[in-house]
Protein chains: 2
Amino acid sequence: MNPATELRPIPSEPTLRRLPWYLAYVSLLKSQGVGHISSTAISKEINVDASQIAKDLSVLRIKGKTRIGYQVDELEQALGNFLGFTASHKAVMMGVGSLGAALISDRGLQRFGLDVVAGFDTDPSIIGNVIKGVPVFDVSELPVRRKAYDAEIGIIAVPVDHAQQAADMLVQAGVKALWNFTPFRISVPPGVVIENTSIYADLAVIYNRLSACRR
Amino acid sequence: MNPATELRPIPSEPTLRRLPWYLAYVSLLKSQGVGHISSTAISKEINVDASQIAKDLSVLRIKGKTRIGYQVDELEQALGNFLGFTASHKAVMMGVGSLGAALISDRGLQRFGLDVVAGFDTDPSIIGNVIKGVPVFDVSELPVRRKAYDAEIGIIAVPVDHAQQAADMLVQAGVKALWNFTPFRISVPPGVVIENTSIYADLAVIYNRLSACRR
């Protein structure tokens, strides 16, 4: 156990979810050649209390200077490192239909540290395909391939009625974290990380707010 | 103003975000030929209190029967209608790079009522392309095309340093709701709906939980 790792504070989920906003803004400032930024200035742009921002950024263990603020370069790097975006995290894709293939094609995820190394499917017309360099295998090969790639993350992009089954297979094959793109609520054994995306819920919120505006 | 519309309760955002989970489960039950389902049975599967589920479902104004529960067909249809997934909502895509093209290619979004009718970009190598039947135009054509299509929703999939500019252009062109896929916190005028996806924040949470498990 690395003592430095042990000392690192575990941030709350709301903090973790705000940090990428700061990173996006700081990266923009960097591209504009800005040298320093204060939490007050971030606050004006991001619409989060400056005191909350200072508290969130304290998990990074870097210090802003009075009146000058944080050094933009240092803050960007510290945020990227802390969030895990600068490391490479191997993932396998379960289901290479429309959504799975789209997610593999979005190499933008790589800039956030996600390296999809292989896809798995049951459809003979999909198995054997290579999408942006990522091979698609028969799902029966999952345990062996997962181990060979040493992939820790399993992305679930199968039809909703196969979501739980896909999750069970991924966990069985040794995956430690699941990223669920289906709207199905998956059950996982203790110790397995599960994160659900909300893109369908996002759509429901958009539609509802739009129809409320029309009243 | 339709009196029926006026009477429809406006659900809270947490309720709105849970309803798609119920829909996914109810659709699964329907595919399995199940006729009725109680909120208690949904609760066991979804891990939400049965009383909360009953309260959430009360916005649908359909009645479950004592001991039998809700009729699965009726519940699925009511959920889909209420969430806006059974209607068609026209959207334009700002930015047809890796992510924008991937989102257009994911025709699965159509099953949730999202109809991406056109893409817009500044890159001459992308303008003029047609992706799964969706044409990509020069961004200068946005105002005219937006109006011709009567698209209410603008999806933002541009690089983070162009996110605010893209949002401003969409609002200027008459879009009423923005769906922001960048991690940048966009400002919009009052009355414009803004919904931010959290896929990068999801990744940060996954990486952090994985590294916490390793300790």
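This text follows the structure it describes.
Okay, so let's go over this structure.

## A look at the interface of chain A and chain B
Where interface size is given, it is often the accessible area lost as the parts come together that is meant.
Step number 1: Of the residues lining the interface, 66 residues belong to chain A; the matching set on chain B comes to 66 residues.
Step number 2: Where chain A abuts chain B, roughly 6200 Å² becomes buried across the two surfaces, and 67% of that area is made up of carbon and sulfur atoms.
Step number 3: Here chain A and chain B share four salt bridges between them.
Step number 4: With a closest N to O distance of 3.8 Å, Arg209(A) and Glu13(B) form a salt bridge.
Step number 5: Across the contact surface, chain A and chain B share 14 residue pairs in polar contact (both at pLDDT 80 or more).
Step number 6: Only α1 (3–7), α2 (13–31), α3 (39–46), α5 (72–83), α6 (98–105), β8 (177–180), β9 (193–196) and α9 (199–214) of chain A provide two or more residues apiece to the side of chain A that touches chain B.
Step number 7: When residues in the side of chain A that touches chain B are grouped by element, the largest group, 15 residues, is from α9(A).
Step number 8: For the side of chain A that touches chain B, the residue count by class is 37 nonpolar, 13 polar and 16 charged.

## Notes on the sheet that holds strand β4 (residues 114–121) of chain A
All names here are of chain A.
Step number 1: If you trace the seven strands from one edge of the open sheet to the other, you get β5-β6-β4-β3-β7-β8-β9, paired in mixed fashion. Both outer strands of the open sheet, β5 (130–131) and β9, are each paired with one neighbouring strand and no more.
Step number 2: As defined by bridge partners, β4 adjoins strand β6 (residues 134–138) across three bridges and the pair is classed as parallel. Within β6, the residue paired with Phe 120 across the bridge is Phe 137.

## Regarding the environment of Asp168(B)
Step number 1: If you trace the backbone, Asp168(B) turns up in helix α8 (residues 163–172).
Step number 2: Asp168(B) sits in the partly exposed class, given a relative accessible area of 41%.

## As for the packing of aromatic side chains
Step number 1: Overall, the coordinates contain 12 aromatic pairs over all chains when judged by the stated rule.
Step number 2: Note on Tyr207(A) and Phe85(B): the rings are 6.3 Å apart at their centroids and 80° apart in plane angle, and the pair reads as edge-to-face. Here Tyr207(A) is found in helix α9, whereas its partner Phe85(B) is found in the loop between α5 (72–83) and β3 (89–94) on a different chain. When sorted by exposure, Tyr207(A) lands in the same class as Phe85(B), which is buried.
Step number 3: Among the aromatic side chains, those forming a connected cluster through ring pairs are Phe85(A), Phe112(A), Tyr200(B) and Tyr207(B).
Step number 4: The cationic tip of Arg145(B) hangs over the ring face of Phe137(B); the distance from NZ or CZ to the ring centre is 3.8 Å.

## A few points about the relation of the copies chain A and chain B
Step number 1: Screw-axis analysis of chain A against chain B gives a translation of 0.0 Å along the axis, an RMSD of 0.0 Å, and a rotation angle of 180°. On this basis, the relationship between the two copies can be described by a two-fold rotation axis. Residues of chain A ranked by C-alpha distance from the rotation axis are headed by Ala102(A), positioned 2.2 Å from it.
Step number 2: In this assembly the copies share their binding face: 100% of the residues contributing to the interface of chain A also contribute to that of chain B.

## A few points about empty space enclosed by the protein
Step number 1: Considering all chains together, one arrives at three cavities of 30 Å³ or more under this definition.
Step number 2: Estimates place the volume of the largest cavity at around 120 Å³.
Step number 3: As for the largest cavity, its lining consists of Leu99(A), Ala102(A), Leu103(A), Asp106(A), Phe181(A), Ile199(A), Leu99(B), Ala102(B), Leu103(B), Asp106(B), Phe181(B) and Ile199(B).
Step number 4: Elements with a minimum of two residues in the lining of the largest cavity: α6 of chain A together with α6 (98–105) of chain B.
Step number 5: The residue inventory of the lining of the largest cavity, partitioned by class, reads 10 nonpolar, no polar and two charged.

## Things to note about the pairing of strand β7 (residues 153–156) of chain B
Each regular strand shows side chains that alternate between the opposite faces of the sheet.
Residue and element names in this part refer to chain B.
Step number 1: Taking every second residue as pointing to the same face, both faces of β7 are buried, with Ile 153 and Ile 155 on one and Gly 154 and Ile 156 on the other.
Step number 2: Summarising the sheet, β3 and β7 pair through four bridges and their orientation is parallel. Among the inter-strand pairings, Ala 91 is bridged to a residue of β7, identified as Ile 153.
Step number 3: By the bridge criterion, four bridges tie β7 to strand β8 (residues 177–180) in an arrangement that is parallel. Each bridged residue has a counterpart across the sheet, and for Ile 155 the counterpart in β8 is Trp 179.
Step number 4: Taking the sense of rotation as the criterion, the β-α-β connection linking β7, α8 and β8 turns out right-handed.

Reading guide: rules and limits
- Residues numbered from 1 in each chain as written.
- Chains lettered and ligands numbered in written order.
- Predicted model: local features only at pLDDT ≥ 70, side-chain atom pairs only at ≥ 80, totals over all residues.
- Heavy atoms only, no water.
- Contact = heavy atoms within 4.5 Å.
- Buried area = accessible area lost by both parts, 1.4 Å probe.
- Salt bridge = Lys/Arg side-chain N within 4 Å of Asp/Glu carboxyl O.
- Polar contact = N/O pair within 3.5 Å; in protein donor to acceptor, adjacent residues only side chain to side chain.
- Helix = DSSP H or I, 4+ residues; strand = E, 2+ residues; numbered from the N terminus.
- Nonpolar A, V, L, I, M, F, W, Y, C, P; charged D, E, K, R; others polar.
- Pairing = 2+ DSSP bridges.
- Buried < 20%, exposed > 50% of the residue type's maximum accessible area, 1.4 Å probe, protein only.
- Phe/Tyr/Trp six-rings, centres within 6.5 Å; stacked < 30°, edge-to-face > 60°.
- Lys NZ or Arg CZ within 6 Å of the ring centre and 35° of its normal.
- Least-squares fit on C-alpha atoms with pLDDT ≥ 70 in both.
- 1 Å grid on protein atoms, 1.4 Å probe; cavity = no way out; pocket = protein on both sides within 12 Å on 5 of 7 lines; lining within 4 Å.
- Points joined across faces, edges and corners; volume = space filled by probe spheres on them.
- Right-handed = clockwise from strand over helix to strand, strands pointing away.

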